[in-house]
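# Geometric and topological summary
The chain contents come next:
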Amino acid sequence: MEKMKLSLNLRLKNELIKYVLYSKVLVVFLPLFYCYGCKSPEITNNAQPTKVETKAVTSTFSTTDTLLAQNFNSSSSLPTYISATPNYTQFNSIGATTGSTVQVTNNKLRFTRNTGGNAHFSRTSDFTSIPSIIQYKFDIEVSGNSAFQTVATFQVGENFSSGNTSSGTPLESDANVNAKIAIYTTGTNGVFSIKDKDLRSANFAGNQTVTWLINESDTLIRYASPDGKTELVSANSWDLWLGSTKVFDDRPAITASKALKNLKFAFTAGTGVTIDLDNISVLNLSQSQNTDIAVPLFSSGFENSTYLALQPNNTILYRGTDFSVAAPNNWESLAPEIGNVKINFEGGDTTQRKAKIVNDPTNPNNKVLYYWLAKANALNFVKGRVQTDAYDGTGVKELYQSVRMYLGDGFNTIKNWNKECDWLTIFEFWNNKAWDDAPNPFRIKVTIAKPSAAVGTPLNFRVTAQTYNTTTGNFSNKWEATNTSYTVPVMQWFTIDYYYKEGDGNNGRFYLAIKPDGGAKTVLFNEVNWTQSPTDTAPDGLTDVNIMKLYTSKDLLVYLGQNGKVLEIYWDNLQVWKDKRP
């Protein structure tokens, strides 16, 4: 009977997927990654556009709240993680009764049931915001088991107690529980499954990442799943994944009326069994009016085994995997949407331009990417170029990138130049590219500009959208915006977030925000305008992007050289998504 219900659920879900996709209904935004940092205030500082009228954006955008995040790396002392008034990294209670133990070891929370008793953690203080949709995620490893039995339970609901309940165990009554799963051991050491009522998943062994999507709302929602696809979960239901394998689909709530306010883990059976938990996180992914589905394409902090490999054609390939950040983080296994990635100079040698992985200029324990440009090295030495190309991707309609930047002292010297600076590009987006006979070339470039020739003029950010005439080889501005209210920070780390949405003058969008380290986030541009060629009747998304760029004129480099300066940009914490929105 249960299999028949599951089969019916699957058929219904397939029909719902078709309905959602063909009717273009967007229901909710569910990213599969989180930030341990606190949310920063956002200040809107609208650019003053030139040569074009900027349309306002009045949508309400999705929010993501980190309700709980703990990796047990900060201390081996258990009380560090417990508080009667917990913050988003703490629990109300972590404990064990006689016969069981709990401790932090090897940066994990370890529960062992030696001869009896029970052990638990609980988060009984209501979350700072009460979600209707959550992603509950944790790593788990079981050892020492030798019997087939249910040994532990994870519960989510409301009005939970910190320790043992009236049942004599930490288990909460189903009347207070919205959703729960159990850990079921086998007779083979280290092998376990997940259980829901009378259903059990396949067996797993070793350290496993559990991703639990719980929908307490009355709306069907969709989310970006751990296998990189899009999934649906019905109202008052939940899905569960181990790694990239979906083990439960649309399981019904225990008590649908109970809110997702509290957590409980109760370890109540098994002899000699140990359960290690790590990387516990809970995200509030509740619905907002304007929604999207964010899919991470790549991340790198340029740490660990990341290195640069010089190629015979004088380009450089990124190599290695950066385990300091969440996957996808392998430079040698990139998403097809990103395409082929390399550092491109277009000529020259190391006396003119360089790209290296070096120590952070402000923190020798942090590795960063470093661009150095001293002389014109490209196109018969009339311009200077160091850039990371992400070319020949499969096409992205909506692209979001975040990256930290640190500009060297040479940028301060530009302010004293007695000329305007209108050619100093740091990002560039091609839709379509202006080479290889591609039709309908169009680009958006982000530049650092000195808007006036007057000595001492501060530097500002500028965004320019241009068409390209394949016959004359000339670019023409479609629109341009310069934010003269915000001065470009120099010799200070800041994070740039940008968002590109393919579209015409009414549907295209380009957004860019900046957040200095320790400061507030400021929106510099929020332009609704052309982001594709007006002659392109069948736009197919971004396929070619310069994700980190340093590109300028010979004249500027000569001026800097005369003053003993060069251009330097340090890059860190690169993150790229598709279908993520500000």
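Everything below is about the structure shown above.
Description of the structure in this document. (Residues numbered from 1 in each chain as written. Predicted model: local features only at pLDDT ≥ 70, side-chain atom pairs only at ≥ 80, totals over all residues. Heavy atoms only, no water.)

Bringing the overall build of the chain into the picture now. When helices and strands are counted, the chain shows three helices and 37 strands. A buried classification covers 55% of the 582 residues belonging to the chain. In the chain, the proportion of contacts linking residues at least 24 apart, taken out of those at least 6 apart, comes to 69%. As displayed, the chain offers around 23,600 Å² of accessible surface, 48% of which is attributable to carbon and sulfur atoms. (Helix = DSSP H or I, 4+ residues; strand = E, 2+ residues; numbered from the N terminus. Buried < 20%, exposed > 50% of the residue type's maximum accessible area, 1.4 Å probe, protein only. Contact = heavy atoms within 4.5 Å. Areas by Shrake-Rupley, 256 points an atom, 1.4 Å probe, with all protein chains shown as cover.)

All right, on to the side chain of Ser299 then. With respect to the helices and strands, Ser299 occurs in strand S21 (residues 295-300). In this structure, Ser299 is in contact with Val325, Ala326, Pro328, Asn329, Leu574 and Gln575, ignoring residues within four places of it in sequence.

The next thing to look at is the pairing of strand S20 (residues 273-284). Across the 12 residues of S20, 11 count as buried, placing the element largely inside the fold. Bridge analysis of strand S3 (residues 65-70) against S20 gives five bridges, and the strand direction is antiparallel. Bridge pairing in S20 links Ala69 to Ser281. One ladder, built from five bridges, connects strand S6 (residues 108-113) with S20; its direction is antiparallel. (Pairing = 2+ DSSP bridges.)

This part takes up empty space enclosed by the protein. As enumerated under the stated definition, the model contains one cavity of 30 Å³ or more in all. Considered as a void within the structure, the largest cavity measures approximately 150 Å³ in volume. As for the largest cavity, its lining consists of 16 residues, and the residues nearest its centre are Glu337, Ile338, Ala390, Leu399 and Val576. Broken down by secondary-structure element, the contributors of at least two residues to the lining of the largest cavity are S21, strand S36 (544-553) and strand S37 (567-578). Grouping the constituent residues of the lining of the largest cavity by class yields 14 nonpolar, one polar and one charged. (1 Å grid on protein atoms, 1.4 Å probe; cavity = no way out; pocket = protein on both sides within 12 Å on 5 of 7 lines; lining within 4 Å. Points joined across faces, edges and corners; volume = space filled by probe spheres on them. Nonpolar A, V, L, I, M, F, W, Y, C, P; charged D, E, K, R; others polar.)

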